[in-house]
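Fold and geometry: a report
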Amino acid sequence: QTSEGKGVDYIFVDHPSFHRPGGLYYNQQLGVEYADNLYRFALFCLAAIEAPCCVAPGGAPFGEKVMFLANDWQTALLPVYLTHKMRPIGRFVNARCMFIVHNFGYQGIYPLN
């Protein structure tokens, strides 16, 4: 139960590069991961960190005093962007981030090419 005006809002981010016919993370028929996974999930993290100031589900943007929930390697860059991209320029200074790992078998290690 929540108090008036409090609760949890969910924001879903969509982009054409997120759609893959063979599966979200890898092509299940070929058994290979997509070569652009690093790009796709970095883009997702950037969109997620900008969403509280751009999206207004209740009629007004959330602002920068928010809590981010980063789940697994796909969102692992979000706390990095928060600390090293946003806070040095004075953004999201009071925001918090929780990072959750539920499967250590998939670490999202990719070359930087």
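We now turn to the structure provided with this report. For clarity, every value in this text was computed on a predicted model and none was experimentally measured.

1. Topic: a nonpolar patch on the surface
A cluster of nonpolar side chains, Met 67, Leu 69, Met 98 and Ile 100, forms an exposed patch at the surface whose accessible area comes to about 370 Å². Broken down by secondary-structure element, the contributors of at least two residues to the nonpolar patch are strand E3 (67-71) and strand E4 (96-100). Along the chain, Met 67 falls in strand E3. Take Met 67: its relative accessible area is 48%, and that puts it in the partly exposed class.

2. Some details on the packing of aromatic side chains
As enumerated under the stated definition, the model contains 5 aromatic pairs in all. Ring geometry for Tyr 25 versus Trp 73: centroids 6.4 Å apart, planes at 55°, classification tilted. Here Tyr 25, found in the segment before strand E1 (26-27), pairs with Trp 73, found in the loop between E3 and helix H2 (77-86); they are 48 residues apart in sequence, far enough to count as distant. Between Phe 41 and Trp 73, the aromatic rings sit 5.1 Å apart at their centres with planes inclined by 80°, giving edge-to-face as the arrangement. Of this pair, Phe 41 sits in helix H1 (residues 37-54) while Trp 73 sits in the loop between E3 and H2, placing them 32 residues apart in sequence. On the accessibility criterion, Phe 41 (10% relative accessible area) is buried. You can call Trp 73 buried: its relative accessible area is 16%. Aromatic ring contacts, followed pair by pair, group Tyr 25, Phe 41 and Trp 73 into a single cluster. Arg 20 extends its terminal NZ or CZ atom over the ring of Tyr 34, reaching a point 5.3 Å from the ring centre.

3. A look at the nonpolar core
Core analysis: the largest hydrophobic core is formed by 12 residues, namely Ala 42, Cys 45, Ala 48, Ile 49, Val 66, Phe 68, Leu 78, Tyr 81, Leu 82, Met 86, Phe 92 and Ala 95. Beyond its immediate stretch of four places on either side in the chain, Tyr 81 contacts Ala 42, Cys 45, Leu 46, Ile 49 and Met 86.

4. Some details on the packing of H1 against H2
Relative orientation of the contacting elements H1 and H2 amounts to 60°, with a least axis distance of 9 Å. Considering the angle they form, H1 stands oblique to H2. Both H1 and H2 take part in a crossing whose hand is right-handed. From H1, Ala 42, Cys 45, Leu 46, Ala 48, Ile 49 and Glu 50 reach across to H2, where they touch Leu 77, Leu 78, Tyr 81, Leu 82, Lys 85 and Met 86. For the contact of H1 with H2, the residue count by class is 10 nonpolar, no polar and 2 charged.

5. Some words on the pattern of salt bridges
Under the defined criterion, the tally for this structure stands at 4 salt bridges. Between Arg 20 and Asp 36 there is a salt bridge, and its shortest N-O distance comes to 2.3 Å. One end of the pair, Arg 20, is in the segment before E1; the other, Asp 36, is in the loop between strand E2 (32-33) and H1, and 16 residues separate them in sequence. Note on Asp 36: relative accessible area 25%, which makes it partly exposed. Arg 91 is the salt-bridge partner of Glu 64, the closest N and O atoms lying 3.1 Å from each other. A residue pair is termed long-range when its members are at least 10 positions apart, and Glu 64 in the loop between H1 and E3 and Arg 91 in the loop between H2 and E4 qualify at 27 residues. For Glu 64, a relative accessible area of 28% gives the class partly exposed. Where salt bridges share partners, they join Arg 20, Asp 36 and Arg 40 into one cluster.

Calculation notes
- Residues numbered from 1 in each chain as written.
- Predicted model: local features only at pLDDT ≥ 70, side-chain atom pairs only at ≥ 80, totals over all residues.
- Heavy atoms only, no water.
- Patch = residues over 30% accessible without salt bridge, like charges linked within 9 Å, V, L, I, M, F, W, Y side chains within 5 Å.
- Areas by Shrake-Rupley, 256 points an atom, 1.4 Å probe, with all protein chains shown as cover.
- Salt bridge = Lys/Arg side-chain N within 4 Å of Asp/Glu carboxyl O.
- Helix = DSSP H or I, 4+ residues; strand = E, 2+ residues; numbered from the N terminus.
- Buried < 20%, exposed > 50% of the residue type's maximum accessible area, 1.4 Å probe, protein only.
- Phe/Tyr/Trp six-rings, centres within 6.5 Å; stacked < 30°, edge-to-face > 60°.
- Lys NZ or Arg CZ within 6 Å of the ring centre and 35° of its normal.
- Core = buried A, V, L, I, M, F, W, Y, C linked by side-chain atoms within 4.5 Å.
- Contact = heavy atoms within 4.5 Å.
- Axes fitted to C-alpha atoms, helices over the stretch in contact; angles between N-to-C directions.
- Parallel < 35°, antiparallel > 145°, perpendicular 65-115°, else oblique.
- Left-handed = near helix turned anticlockwise from the far one by under 90°.
- Nonpolar A, V, L, I, M, F, W, Y, C, P; charged D, E, K, R; others polar.

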